[in-house]
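Given next are the chains, with one letter for each unit.
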Amino acid sequence: MKFSSVILCAAFCVASVLLFSSCSSSDEQPQKPKIAFVGANPSAPPMSWLEDGDMKGAGIDIAKIVLGSIEIEPSISYEGSWDQVIEKIKGGRLDMVVGVYKTADRLQYMDYSDPYYFEPVAVCVKRGKEFPFSRWDDLKGRKGIIGLGESYGEDFDAFAKANLSIDRKSIQECLSDIVAGKADYFVISLQSGMIASWQQGLYDDISFLEIPVTTQGYHLAISKRSPLAAELPRINERLRSMRIDGTPE
């Protein structure tokens, strides 16, 4: 009887230890990632662009500063066209994307940082082919184009889908089509359009209408499938201090 009691007591103690260990493990917070895989639009200067196989730009630099400040190493690489980048973060194959506008659809699979910069979205036309533009209705009945994977706010996207004739192509193709007269207008972020047209040698052949389509904020966005999402409060804190000292500008 004594021997059986000893065995029973030992078994109870082992079970208790295992149960305690199991409960302790389940209560532990997920570990902070050491590396964050980051993607960006390869054709959206000055925020991001592809040069000699490397991603560069203001948005890239901001991501490096922010992640470095919370002791996470950024792994930034070319991940294909912008629509391919969006699909990768949607599927959890990327932790973060830089220079992204906020939309209701994207909120389903990405968590957004506070905006770190605001930019007008412009109507680009062939020089000499300007037309009166003061509201979205002025685009009706004209042939438009927009970059692959681009979104310029939930309201404009919904209006365009319901009322406008817009094709999607690469930014390079969009600019070439405008100059060739294959489209009447091209919707693009102002600075991106100015720089991209200069890079293609088309800057003198195009014009940007004075009134913007909209003004959008650039964000860092994190996949909801990524452990990096838990670091969003610290990311926003660093972005706030950067806005105060003027780093994004």
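Owing to the predicted nature of the structure, the values given are computational and were not obtained by experimental measurement.

(A) Examining the sheet that holds strand 3 (residues 48–51) more closely. If you trace the 3 strands from one edge of the open sheet to the other, you get 2-3-4, paired in antiparallel fashion. What marks the edges here is a single partner per strand, and that holds for strand 2 (43–44) and strand 4 (54–56).

(B) Looking closely at the pairing of strand 13 (residues 214–223). Burial analysis of strand 13 places 9 of its 10 residues in the buried class, which makes it a mostly covered element. Alignment of strand 7 (residues 110–112) against strand 13, held across 3 bridges, turns out to be antiparallel. Its bridge partner lying in strand 13, aspartate 111 is registered against isoleucine 222. In this sheet, strand 13 lies alongside strand 8 (residues 117–126) in antiparallel orientation, the contact comprising 5 bridges. By the bridge assignment for strand 13, glutamate 119 is matched with glutamine 216.

(C) Layout of helix 5 (residues 171–180). Regarding helix 5, the residues found buried are Ile171, Cys174, Leu175, Asp177 and Ile178. Projection of helix 5 onto a plane perpendicular to its axis shows the buried side chains occupying an angular sector of 160°, all on one side. Looking one or two residues past helix 5, glycine 181 carries a phi angle of roughly 80°, positive in sign.

(D) Representation of the packing of aromatic side chains in the model. Counting across every chain of the model gives 6 aromatic pairs. Aromatic pair tyrosine 101 and tyrosine 152: ring centres 5.8 Å apart, planes at 55°, arrangement tilted. Here tyrosine 101 is found in the loop between strand 6 (96–100) and strand 7, whereas its partner tyrosine 152 is found in the loop between strand 9 (143–147) and helix 4 (154–163), with 51 residues between them in sequence. Given a relative accessible area of 2%, tyrosine 152 falls into the buried group. Residues tyrosine 116 and tyrosine 218 carry aromatic rings whose centres are separated by 6.5 Å and whose planes lie at 20° to one another, so their mutual orientation is stacked.

(E) Layout of the side chain of serine 43. One can find serine 43 in strand 2. Serine 43 gets classed as buried once you look at its relative accessible area, which sits at 19%. Sequence-distant contacts of serine 43, that is, excluding residues within four places in its chain, are made with Ser48, Trp49, Ile171 and Gln172.

(F) Structural view of the environment of glutamine 84. Structurally, glutamine 84 can be placed in helix 3 (residues 82–90). Between the C-alpha atoms of glutamine 84 and leucine 148, which are 64 residues apart in sequence, the distance is 9.2 Å.

(G) The pattern of salt bridges, seen in detail. This structure, assessed with the given rule, holds 8 salt bridges. Ionic pairing is found between lysine 56 and glutamate 51, a salt bridge with its closest N-O pair at 3.5 Å. One network of salt bridges, with partners in common, ties together Arg135, Asp137 and Lys140.

(H) Spotlight on the confidence of the model for the protein chain. Taken residue by residue, the protein chain gives an average pLDDT of 88. The fraction at 70 or more is 88%. Confidence over residues 1–27 falls short of pLDDT 50; this stretch has 0 contacts with residues more than four positions distant or in other chains.

(I) Highlighting the nonpolar core. Residues Met96, Val123, Phe186 and Leu220 are the most contacted members of the largest nonpolar core, which totals 55 residues. For this core, the element with the most residues is strand 8, which contributes 6 residues. For methionine 96, the residues in contact, after removing those within four places along its chain, are Phe37, Val38, Gly39, Ala63, Leu67, Ile89, Leu220, Ala221, Ile222, Leu228 and Ile235. One finds Trp82, Ile86, Leu94 and Ala221 within the second-largest nonpolar core, a separate group that totals 11 residues.

(J) Up close: the state of the cysteines. By the definition in use, this model includes 0 disulfides. Sulfur of cysteine 124: no disulfide; nearest cysteine sulfur belongs to cysteine 174 and is 9.2 Å away. Given the relative accessible area of 0%, cysteine 124 is considered buried.

Analysis parameters
- Residues numbered from 1 in each chain as written.
- Predicted model: local features only at pLDDT ≥ 70, side-chain atom pairs only at ≥ 80, totals over all residues.
- Heavy atoms only, no water.
- Pairing = 2+ DSSP bridges.
- Helix = DSSP H or I, 4+ residues; strand = E, 2+ residues; numbered from the N terminus.
- Buried < 20%, exposed > 50% of the residue type's maximum accessible area, 1.4 Å probe, protein only.
- Arc of directions from axis to C-beta.
- Phe/Tyr/Trp six-rings, centres within 6.5 Å; stacked < 30°, edge-to-face > 60°.
- Contact = heavy atoms within 4.5 Å.
- Salt bridge = Lys/Arg side-chain N within 4 Å of Asp/Glu carboxyl O.
- pLDDT = per-residue confidence, 0-100.
- Core = buried A, V, L, I, M, F, W, Y, C linked by side-chain atoms within 4.5 Å.
- Disulfide = S-S within 2.5 Å.

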